Every structure is written in C-alpha cells, then in structure tokens.
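Structure at a glance
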Amino acid sequence: MVIADHNAPVRRFNISKMLMLQVGAGVFLLVGLALGASLHYFQVARDAAENRILREENLTLRTQLKSVRERIEHIGSTLDRVERFDQKLRAITLLSDPQRNLAMGPVEREPGVGAPVAETQFTELTTLESPKALPGKLDRLSAEATRQEQSLQELQAYFQDQKSLLASTPSVWPTRGWVTSDFGQRLDPYTAERVGHSGMDIAAPHGKEVSAPSDGTVVFSGLEGGYGNVIVIDHGYGIKTRFGHLSKLLVKAGDKVKRGMLIANVGNTGRSTGPHLHYEVRVNGIPQNPRKFILEE
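Each chain has its residues counted from 1, following the order in which its sequence is written. In keeping with the model being predicted, local features are shown solely for residues with a pLDDT of at least 70 and side-chain atom pairs are shown and tallied solely at 80 or more, while totals for entire chains, interfaces and linings include all residues. Hydrogen atoms and water are omitted, and side-chain values are computed over all heavy atoms in the structure.

For the rest of this paragraph, the subject is the overall build of the protein. Looking only at helices and strands, the protein has three helices and twelve strands in total. Classification of residues uses two cut-offs on accessible area relative to the type maximum, computed with a 1.4 Å probe and protein chains only: under 20% is buried, over 50% is exposed, and between them is partly exposed. Within the protein, the proportion of its 297 residues that are buried is 30%. Note on contacts: a residue pair qualifies if any of its non-hydrogen atoms lie within 4.5 Å across the two residues. Put simply, of all contacts in the protein between residues at least 6 apart along the chain, 61% involve residues at least 24 apart. Total accessible area on the protein stands at roughly 19600 Å², and carbon and sulfur atoms take up 58% of it. Secondary structure follows DSSP: runs of H or I at least 4 residues long count as helices, runs of E at least 2 residues long count as strands, and numbering of each begins at the N terminus. Residue burial considers only the protein chains on display, and all accessible areas are found by Shrake-Rupley using a 1.4 Å probe.

Written out as structure tokens, the structure is:
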C-alpha cells in the first residue's frame, strides 16, 4: 500500500514472492560485484606500487651492474699492464715463470699467434652479457691477480737480493792517495824480481783514514806476516776485501761495517817501504783487480 499526502487516493500493489527473490538476488549480485571490483582495485593498486618499487630497484641494480662491469674492465686493463711489465722485468732479470709460459729473456709473439691468455681473458671481462657470468669471471680475475701477486713477490725477492748484492759489492776507494803499485805483475821493491801483485798499493800520509768500501762483517783484525796489521772484511756472495800495512785497527773480528765506515788508519807496518795501504779484493778466494770494483773517479 502506498499512502500519499493529503487527499490522494491510496494505491495498492501486489508483489509476488518470486519477484522479491529475484530483486534480492540482483541486489546481492550487485553488492558482490561491487565488493569484488573494490578488492580487485586495491590489489591492482598494491601491485602497481610494488611494480614501481621493483622498477626502481631494477634501475639501481642496472646502474650497479654497469659500475661493476666498468670496475672489472679497469681491473682487467690494470692486470694487463702488470702482466706486460712483469714480462719486461723478467726479460731484464732473466727470470722465467713456467706457470705462465714466460721464458728467460724477452718473449716475442710469433706471427699468427693470438693474444696471451690473460689478455684474452680480460677482454672477455669487458664484454659481459649476463650477470650470471659475473661469478665465474670474477673467480678467474681473482686467480690471475693471485698469480700476479706471487710473481711480483718473486721479483721483489730477486731485487731485494740484488740490492743486498749491490750493498755488499766494494765500489768506493778505501782511502785517497797515489796508486804506486797496481794489480798484476810488478817488480818486487826488495828483490827487483817480477812477481804477481794480488792487490794495489795506495800511498797516503801516515794515519790517513781507511774506510770500508761496502757493507760486510770483519772476519780478521790483527797481525799477518809481511802485511803487518791487517783487516779482512767478508761482504757475502764470496767477496772479501783485505787491508794491509795499517797503523791502527779500529774494528775487531765480528764487527758489522757499512760502506764508508772508518775501520783503520794508513801505516807502515810489516814488509813496507813507506806509509801506504795494500788493498785486495778476492772473489771466491781468487784475487781480482780492485779497480773493477771502484765506481768513483
């Protein structure tokens, strides 16, 4: 029944039960569709937000990957330069490296032969196509860096040994004066006969300082027959120097000396015709010309 205001007639309507069920079902369906649409909207909105975050992360990862590739390229180029420098050093020092097929002396590439393995490997690192390839490439790069480190440690040990050898090699005048008798054959000042002279005599004022020509250890300091007061220094590597006719000994056996260190004074002891220094250099016990070991003018 529909009752209007004032004097309007009352209207009567009959609604069947089936119609009511149909209307209710329609309303329920509309509500369900509206609820499903709302849920789908919120799901799409959430996915869109996650996609935006993923896109930002993807962009960041791409940037980082590009940076990693650039760093790998730089490291590869650096190791290439180290490899070439290593080969040059080994060519100079005549050191070989069987692990990397580096022979003694300079290595020249034969016609038609490709680039060295290391160079090819580093070139591959600069043309990475997939991030999945990074671990394997980095492992090979790390292994090559380790080999380079070991090689450079070997070269360092070699040059350290050479430094020690240079420090132990006599290279300066033990005293300044006039060379009155050189190394080799000479006339004996007492017998006038030709005899071998195992060193050289340097005439100098009595008491003039005598210095060590290089680093070493004093192995003898005392009297020795016709040489009078004598000092013998062992420089290592089979090199020994001998100083005779000294007036004063300033070091004793067992003392460590450095190049230029004061060790004695010029004298006239032993079988001598005047104040001078008898200076010898022996390599593995064999007398050598001391002039070959003096770099000073």
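From this point, things continue past the structure.
In this analysis, a patch consists of residues with relative accessible area above 30% that form no salt bridge, clustered at 9 Å for like charges and at 5 Å for the nonpolar side chains Val, Leu, Ile, Met, Phe, Trp and Tyr. In the sections that follow, a salt bridge refers to a side-chain nitrogen of Lys or Arg positioned within 4 Å of a carboxyl oxygen of Asp or Glu. A contiguous nonpolar patch, built from I15, L19, M20, V23, V27 and V31 and spanning about 580 Å² of accessible area, is present on the exposed surface. For L19, the location among the structural elements is in helix 1 (residues 17-93). When its relative accessible area of 41% is taken as the criterion, L19 is described as partly exposed.

What we call a nonpolar core is a set of buried Ala, Val, Leu, Ile, Met, Phe, Trp, Tyr and Cys residues that are connected through their side-chain atoms within 4.5 Å. Ranked by size, the top nonpolar core spans 22 residues in total, and within it V210, I231, I233, F243 and I263 carry the most contacts. Grouped together as the second largest cluster of nonpolar side chains are five residues, L65, L79, L134 and L141 included.

The subject of this paragraph is the pattern of salt bridges. Applying the stated criterion across every chain yields a total of seven salt bridges. Across the pair R242 and E224 runs a salt bridge, and its minimum N-O distance is 2.6 Å. In this pair, R242 is assigned in strand 8 (residues 239-249) and E224 in the loop between strand 6 (216-223) and strand 7 (229-236), connecting sequence segments 18 residues apart. Taking relative accessible area as the criterion, R242 reaches 18% and is therefore assigned buried. We classify E224 as partly exposed; its relative accessible area is 28%. Among the salt bridges present, the one from E280 reaches R282, with a minimum N-O distance of 2.9 Å. Through salt bridges with shared partners, one network takes in E224, R242, E280 and R282.

A word on the packing of aromatic side chains. Two descriptors summarise a pair of aromatic rings, namely the distance from one centre to the other and the angle between the planes of the rings. Centres within 6.5 Å make a pair out of two Phe, Tyr or Trp rings, where for Trp the six-membered ring is used; the pair is then stacked when the planes are under 30 degrees apart, edge-to-face when over 60, and tilted otherwise. Considering all chains together, one arrives at two aromatic pairs under this definition. A ring pair is formed by Y41 and F42, whose centres lie 5.6 Å apart and whose planes are at 65 degrees; its orientation type is edge-to-face. As far as burial versus exposure is concerned, Y41 and F42 are alike and both exposed. Geometrically, the ring pair formed by F243 and Y279 is stacked, given 5.4 Å between the ring centres and 25 degrees between the ring planes. In this pair, F243 is assigned in strand 8 and Y279 in strand 11 (residues 276-283), connecting sequence segments 36 residues apart. Residue F243 is classed as buried on the basis of its relative accessible area, which comes to 0%.

In this section: the confidence of the model for the protein. Do not read the fine detail of predicted coordinates wherever pLDDT is low. Looking at the protein as a whole, the pLDDT averages 80, with 82% of positions reaching at least 70. pLDDT measures how confident the predictor is about each residue, on a scale from 0 to 100. Within the protein, the element-level pLDDT minimum falls on helix 2 (residues 117-125), averaging 45, and the maximum on strand 10 (residues 262-266), averaging 97.

With a phi angle near 60 degrees, Y237 is a residue other than glycine that sits in the positive phi range. Considering the arrangement of structural elements, one finds Y237 in the loop between strand 7 and strand 8. The backbone of N284 shows a phi angle near 55 degrees, a positive value even though the residue is not glycine.

Quick look at the side chain of H235 now. Here H235 lies in strand 7. Think of a polar contact as two N or O atoms within 3.5 Å of one another; within protein, one of them needs to be a possible hydrogen donor and the other a possible acceptor, and neighboring residues in sequence only count if both atoms come from side chains. One polar contact links the side chain of H235 to the main-chain carbonyl oxygen of D215, over a distance of 2.7 Å. Residues within four places of H235 in sequence aside, it is in contact with S168, P170, P213, S214, D215, G216, K240 and T241.

Here we come to the environment of G236. As for its placement among the helices and strands, G236 is situated in strand 7. Measuring from C-alpha to C-alpha, the distance between G236 and D215 comes to 8.9 Å, with 21 residues separating the pair along the chain.

A word on the environment of K252. Within the secondary structure layout, K252 lies in the loop between strand 8 and strand 9 (256-257). As a C-alpha pair, K252 and V218 span 34 residues in sequence and 6.6 Å in three-dimensional space. Aside from chain neighbours lying at most four places away, what touches K252 is V218 and S221.

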